[in-house]
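This is what each chain is made of:
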Amino acid sequence: MLDASYWALIERRAGGAFSGRIPDLPEIPPVTGRTEQEVIQSLSQAVRQCARSSVLDGKPLPAPRPVNQQPPAGEAAHLRRILLIFGQ
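Note that the coordinates shown come from a computational prediction; the quantities given were computed from them, not determined experimentally. (Residues numbered from 1 in each chain as written. Predicted model: local features only at pLDDT ≥ 70, side-chain atom pairs only at ≥ 80, totals over all residues. Heavy atoms only, no water.)

This brings us to the overall build of the protein chain. Scanning the protein chain from terminus to terminus reveals one helix and four strands. Traced from its N-terminal end to its C-terminal end, the protein chain shows the element sequence β-β-β-α-β. Within the protein chain, the proportion of its 88 residues that are buried is 34%. For the protein chain, the exposed surface amounts to about 5,900 Å²; the carbon and sulfur share of it is 51%. (Helix = DSSP H or I, 4+ residues; strand = E, 2+ residues; numbered from the N terminus. Buried < 20%, exposed > 50% of the residue type's maximum accessible area, 1.4 Å probe, protein only. Areas by Shrake-Rupley, 256 points an atom, 1.4 Å probe, with all protein chains shown as cover.)

Dropping the structure here:
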């Protein structure tokens, strides 16, 4: 079984909404949601779709960077890990 752990950068926006992106997968557009959980679910779904498209196209996924190599997060942002598991 192959797995990858990508880091999502999630930020609380003015007005209380959240936004998130995955720096190692720039082809996934940023997402927004009312709650942090909503953003995590949307990003998880986007990562799965990205992985599926890459596999179908015969392209490798970019290697995830360790947390200490992620871009700096603003004061209102934090990192969450999204684990992607491939099974046979």
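Our next topic: the environment of E11. Assignment of secondary structure puts E11 in strand β1 (residues 2-12). E11 sits in the partly exposed class, given a relative accessible area of 29%. As a C-alpha pair, E11 and V39 span 28 residues in sequence and 9.7 Å in three-dimensional space. A polar atom in the side chain of E11 sits 3.4 Å from the side chain of R13. (Polar contact = N/O pair within 3.5 Å; in protein donor to acceptor, adjacent residues only side chain to side chain.)

If you look at the biggest cluster of nonpolar residues, it comprises 14 residues, and the most contacted ones within it are I10, I22, L25, I28, V39 and L43. Listed by contribution, the elements that provide at least two residues to this core are β1 and α1 (36-57). Sorting elements by how many residues they give to this core places α1 first, with six residues. (Core = buried A, V, L, I, M, F, W, Y, C linked by side-chain atoms within 4.5 Å.)

So, on to the environment of C50. Relative to the helices and strands, C50 is located in helix α1. Between the C-alpha atoms of C50 and L25, which are 25 residues apart in sequence, the distance is 8.5 Å. In this view, C50 contacts E27, I28 and L61; residues no more than four positions away in its chain are not counted. (Contact = heavy atoms within 4.5 Å.)

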